[in-house]
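Observations on the model geometry
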Amino acid sequence: MRSPKDFFAPLALGAPEPPRQIPFRPSRMIHFFDPGNEKMAAKVPDLAKKTDVLLGNLEDAVRADRKEAARAGLVSIAKATDFGRTQLWTRVNSLDSPWVLDDLVTLVTEIGDKLDVIMVPKVEGAQDIHYVDRLLAQLEARAGLTKPLLVHAILETASGVANVEEIAGASPRMQGISLGPADLAASRRMKTTRVGGGHPGYLVRTDPVGEDLTEGRTTYQQDLWHYTVARMVDACAMHGILPYYGPFGDIRDVVACEDQFRNAFLLGCVGAWSLHPVQIDIAKRVFSPSPSDVAWARRVIAEMGDGTGAVMIDGKMQDDASVKQCRVVAELADELAADDPELAAAYDAATKESQS
Ligand code: GLV
Ligand code: MG
């Protein structure tokens, strides 16, 4: 067992101190690009102007014979691009693959100062994070980095879900966790071939009326991912890190994508992956609280004074607990608005209107 006193000591001589808190930075969409694809790489400077996070993907969706080109592409893009306030993340190959060691050695030593977060796929338990944690410390020391790299795990194996709480707390570097519905479905032997989203076959049905088993029975589709997302949110909240919905593979179906993202937002997620530019605006809209919710939250906070006791506002009871709910919304709004003047103006206009 590691002593709590050592938890925040660097894991290699000369490595930076691990972080004590995960700072909030907007990450409503983690936009994936293939750094080995020259056409996509050329779009990176423009994409950096409209995304919270850009992620150079080295894992699945990059062909085996393009892995090295993708890694080299990410190094040159990172060196050549000014990302402004946008974070640069990468998804490295899985820990059992022949590429991951070179991914980590090359990226940390060449562009460790440009990278914010390293996403690790197919995490099975705390042991995977411990391995990455120590290796990153050694590489940070070698590269002379002063800011520690953060680690993000994808929840996409049955064993990862069973161990999600220990994964979330495995290292002070843990920044967050994303649901990986495609690999997770395969790992669990779920019988869906969709990448995220619902399934019309997953439903409940009202009781039969009389003898007829078919007519007049309403069905309600259920969310295949509810259990996993909810569990992931609890594990992340418990350890002060951030939960994310992952990919929604049906790019054409922007309506269902928005629904799935919104479910995740309402359950506590702070963002989702975007696999195509069309999903960037969806994530931005969904993972920013609505101006009317922000106006309401600010009003409750103002009327609750010191935050104790109870008041009635528009016929709705407010007390110590509901003011905390409102603070979650209002604080997120302030954090996002600090980086986005348009959003700040929309929140202020709605707040003014609700006071008039
Ligand atoms: C993402 O990596 C997934 O497997 O869904
Ligand atoms: Mg996956």
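This one's a predicted model, so the numbers in the text were calculated from it and none came from an experiment. (Residues numbered from 1 in each chain as written. Chains lettered and ligands numbered in written order. Predicted model: local features only at pLDDT ≥ 70, side-chain atom pairs only at ≥ 80, totals over all residues. Heavy atoms only, no water.)

1. Considering the overall build of the chain
- The secondary structure content of the chain amounts to 13 helices and twelve strands.
- A compact globule built from 356 residues should have a C-alpha radius of gyration of about 21 Å, and the chain, at 22 Å, falls within 12% of that.
- Seen along its three principal axes, the alpha-carbon backbone of the chain occupies a region of about 65 × 60 × 50 Å.
- Relative to its full complement of 356 residues, the chain shows a buried share of 47%.
- Within the chain, contacts between residues at least 6 apart in sequence are counted, and of these 71% link residues at least 24 apart.
- Here the chain contributes 39 positive and 50 negative side-chain charges, whose respective centroids are spaced 3 Å apart. (Helix = DSSP H or I, 4+ residues; strand = E, 2+ residues; numbered from the N terminus. Rg over C-alpha atoms; globule rule 2.2 N^0.38 Å. Buried < 20%, exposed > 50% of the residue type's maximum accessible area, 1.4 Å probe, protein only. Contact = heavy atoms within 4.5 Å. Lys, Arg positive; Asp, Glu negative; His and termini not counted. Charge placed at Lys NZ, Arg CZ, Asp CG, Glu CD.)

2. Quick notes on the domain arrangement of the chain
- Splitting the chain by domain gives domain 1 (4-286) and domain 2 (291-355).
- Inter-centroid distance (C-alpha atoms) of domain 1 to domain 2 is 30 Å.
- Contacts between the two partners involve six residues from domain 1 and, on the opposite side, six residues from domain 2.
- Each partner contributes to the roughly 560 Å² buried at the junction of domain 1 and domain 2, and carbon and sulfur atoms together form 62% of this total.
- Contact with domain 2 buries area across many residues of domain 1, yet Phe-24, Pro-26 and Arg-28 alone supply 69% of it, more than any other trio. (Domains from an automatic or database assignment. Buried area = accessible area lost by both parts, 1.4 Å probe.)

3. Description of helix α11 (residues 291-303)
- Look at α11: 18 Å from first C-alpha to last across 13 residues, which is about the 18 Å you get at 1.5 Å a residue.
- The inward-facing, buried residues of α11 contact β11 (311-313), β12 (316-318), α12 (320-337) and α13 (341-355).
- Note on α11: the residue one or two positions beyond its end, Gly-305, has a positive phi of about 55 degrees. (Expected span 1.5 Å × (residues − 1).)

4. A short note on the site of ligand 1
- By nearness alone, every residue bordering ligand 1 is listed as Arg-91, Glu-156, Gly-180, Pro-181, Ala-182, Asp-183, Pro-247 and Trp-273.
- Take Arg-91: an N or O atom from its side chain is 3.1 Å from an oxygen atom of ligand 1.
- Contacts to ligand 1 include Glu-156, whose side-chain N or O atom sits 2.9 Å from an oxygen atom.
- Bound to the protein, ligand 1 loses 93% of the 190 Å² it would expose on its own.
- The element contributing the most residues to the shell around ligand 1 is helix α7 (residues 181-188), with three residues.
- Classifying every residue of the shell around ligand 1 gives four nonpolar, one polar and three charged. (Near = heavy atom within 4 Å. Polar contact = N/O pair within 3.5 Å; in protein donor to acceptor, adjacent residues only side chain to side chain. Areas by Shrake-Rupley, 256 points an atom, 1.4 Å probe, with all protein chains shown as cover. Nonpolar A, V, L, I, M, F, W, Y, C, P; charged D, E, K, R; others polar.)

5. Points about the coordination of the magnesium ion (ligand 2)
- Protein coordination at the magnesium ion (ligand 2): the donors are Glu-156 (OE) and Asp-183 (OD), at 2.1 to 2.2 Å from the metal. Note that Glu-156 is positioned in the loop between β5 (150-155) and α5 (158-162) and Asp-183 in helix α7, a separation of 27 residues in sequence.
- Since its relative accessible area comes to 3%, Glu-156 is described here as buried. (Donors = N, O, S within 2.8 Å, 3.2 Å for Na, K, Ca; no water.)

6. Structural notes on the packing of aromatic side chains
- Across all of its chains, the model carries six aromatic pairs by this definition.
- Ring centres of Phe-7 and Phe-8 lie 5.8 Å apart, and the angle between their planes is 90 degrees; on these two criteria the pair is classed as edge-to-face.
- The exposure class assigned to Phe-8 is partly exposed, which follows from its relative accessible area of 24%.
- Relative to Phe-261, the ring of Tyr-245 has its centre 6.1 Å away and its plane inclined at 55 degrees; by these criteria the two rings are tilted. In this pair, Tyr-245 sits in strand β9 (residues 242-245) while Phe-261 sits in helix α9 (residues 254-267), placing the two residues 16 residues apart along the sequence.
- Taking the relative accessible area as the measure of exposure, Phe-261 reaches 0% and is therefore buried.
- Ring pairs connect the aromatic residues Tyr-245, Phe-261, Phe-265 and Phe-287, which therefore count as one cluster.
- Above the face of the Phe-8 ring, Arg-20 is positioned so that its terminal group lies 4.4 Å from the ring centre. (Phe/Tyr/Trp six-rings, centres within 6.5 Å; stacked < 30°, edge-to-face > 60°. Lys NZ or Arg CZ within 6 Å of the ring centre and 35° of its normal.)

7. Some details on the pairing of strand β2 (residues 53-57)
- With respect to burial, β2 is a largely interior element, five of its five residues being buried.
- Burial along β2 is two-sided: Val-53, Leu-55 and Asn-57 and Leu-54 and Gly-56, pointing in opposite directions, are all buried.
- For strand β1 (residues 29-33) and β2, the ladder comprises four bridges, and the chain directions are parallel. Each bridged residue has a counterpart across the sheet, and for His-31 the counterpart in β2 is Leu-54.
- In this region the chain leaves β1, passes through helix α1 (residues 38-48) and returns to the parallel neighbour β2; the handedness of that crossover is right-handed.
- Relative to strand β3 (residues 87-91), β2 runs parallel, the two sharing five bridges. Paired with Gly-56 across the bridge in β3 is Thr-90.
- Each parallel crossover has a hand, and for β2 linked through helix α2 (residues 67-80) to β3 it is right-handed. (Pairing = 2+ DSSP bridges. Right-handed = clockwise from strand over helix to strand, strands pointing away.)

8. Some thoughts on the UniProt feature "binding site: substrate" (unreviewed entry) in the chain
- According to UniProt, the positions carrying the feature "binding site: substrate" (unreviewed entry) are Arg-91 and Glu-156. Judged by maximum C-alpha separation, these annotated positions cover 66 residues in sequence but sit close together in space, the widest gap being only 13.7 Å.
- If you trace the backbone, Arg-91 turns up in strand β3.
- Beyond its immediate stretch of four places on either side in the chain, Arg-91 contacts Phe-32, Leu-55, Gly-56, Asn-57, Leu-58, Glu-59, Asp-60, Met-119, Pro-121, Ile-154 and Trp-273. (UniProt positions renumbered as here; feature names shortened; annotations may be inferred.)

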